[in-house]
Amino acid sequence: MTDATQGLSDTSLMLHVRPRQLLLLARLDAHRHLGRAAEAMNISQPAATKLLQQLEDSLSEKLFERLARGMEPTPYGEILIRYARRVLSDFGTAREEMLALRSGLSGALRVGSVPGAVPELLAPALVEYHRRHPQVAVSVVVETSDVMQAQLEQGDVDLVLGRLTDSHDEAKYASVPLLGESQVAVVRAAHPVFERSAPVTLAEMAGWSWVLQPPGSPQRGRFEAAMREAGIQARLDIIETASPIAITALLENSDMAAVMPASQADHYARLGVLRTVPVELPVRVPPICLITREDRALSPAAAQFRRQLLGGGT
């Protein structure tokens with residue numbers, strides 16, 4: 001920024017930033033082409049060029065590099081794109097809550113969760129919450145901890161049931177442990193391993209085909225580390241997915257194995273779909289936590305769900 005710009009207060013600078021400019025930043029980040037971004041906004045390319053130029057002039061910074069085949073954000077542009085995404089996400093949330101109020105509801109709750117938190121923690125809590133507050137519109141996204149934390153950072157979910165990952169700044173989040181449990185190996189209920197009398201070993205399981213969460217998830221990293229610590233150096237045969245549906249479908253149709261929390265395995269065992277392999281799996285993952293942003297107030301609906309999870313009343 002120039003000296004003149006640095007002397008302005010945030011309030012003064014915000015008077016020069018228009019919502020259409022923030023929307024243009026988000027569209028440019030998605031398309032990396034000014035013409036396509038303008039088309040997505042239903043405006044002309046000269047109008048889009050003017051919006052971007054005015055924003056760059058207001059901030060006295062170059063936000064995008066003009067290349068032969070498109071555009072790339074500068075480091076300053078990356079910062080403002082993250083801000084624009086948060087503003088647009090927060091506006092979308094506010095509009096959803098306003099629409100909910102208009103239709104007789106009292107707001108919206110957006111929950112992110114890792115698969116292991118669903119059977120024992122999330123599902124019972126949501127059933128009780130919906131019974132007490134049927135007017136609240138609830139949405140749930142189930143993914144790995146790293147994906148969920150990125151969505152919490154962007155404001156796409158209100159709170160997360162998961163684990164803080166090494167790539168995120170813990171100071172930004174409030175984290176309360178709620179559920180700690182062992183990890184187990186599971187296969188289809190009719191797997192040949194249950195027809196034999198000899199015990200299963202980790203060395204033998206290293207030769208199996210596996211369905212594992214993608215790299216970056218705590219469970220995947222600790223499973224591979226546990227195999228190495230056990231002296232098993234063989235390269236595992238892996239299909240990667242974080243989708244519970246994909247995992248169960250792959251297991252049902254093959255002799256592959258997967259790793260999941262004991263409560264999740266018990267859930268599928270009750271349905272007669274999967275069974276736990278009788279072997280101690282040396283995989284220890286941190287407890288599942290209730291994670292919220294320190295710098296962002298929860299909506300009334302989300303704050304109430306947090307209180308319920310923490311045992312703080314209705």
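As the structure is a computational prediction, the values presented were derived from the model and not from experiment.

## Observations regarding helix α10 (residues 218–229)
When the terminal C-alpha atoms of α10 are compared, their 16 Å separation across 12 residues agrees well with the 16 Å that a helix rising 1.5 Å per residue should span. Looking at the packing, one finds that the buried side of α10 touches α8 (145–154), β7 (183–188), α9 (202–205), β8 (209–212), β9 (237–240) and β10 (257–261). G231, located one to two residues past α10, shows a positive phi value of around 85°.

## Concerning the sheet that holds strand β6 (residues 173–179)
Read from one edge to the other, the open sheet built from 5 strands follows the order β4-β3-β5-β12-β6, with strand pairing classed as mixed. The open sheet has two free edges, formed respectively by β4 (137–142) and β6, since each of these has just one partner strand. Taking the axes of each pair of neighbouring strands and ignoring which way they run, one obtains an average angle of 20° across the sheet. Here strand β3 (residues 108–113) runs beside β4; their pairing, made up of 6 bridges, is parallel. Counterpart to G112 in the pairing with β4 is V141.

## Some points on the packing of aromatic side chains
Applying the stated criterion across every chain yields a total of 3 aromatic pairs. Ring centres of W210 and F223 lie 4.9 Å apart, and the angle between their planes is 50°; this geometry places the pair in the tilted category. Linking W210 in strand β8 with F223 in helix α10, this pair joins segments that are 13 residues apart in sequence. Judged by its relative accessible area of 0%, W210 falls in the buried class. Residue F223 is classed as buried on the basis of its relative accessible area, which comes to 1%.

Rules used in this analysis
Residues numbered from 1 in each chain as written. Predicted model: local features only at pLDDT ≥ 70, side-chain atom pairs only at ≥ 80, totals over all residues. Heavy atoms only, no water. Helix = DSSP H or I, 4+ residues; strand = E, 2+ residues; numbered from the N terminus. Expected span 1.5 Å × (residues − 1). Contact = heavy atoms within 4.5 Å. Pairing = 2+ DSSP bridges. Axes fitted to C-alpha atoms, helices over the stretch in contact; angles between N-to-C directions. Phe/Tyr/Trp six-rings, centres within 6.5 Å; stacked < 30°, edge-to-face > 60°. Buried < 20%, exposed > 50% of the residue type's maximum accessible area, 1.4 Å probe, protein only.

Geometric values such as these leave the question of function open.
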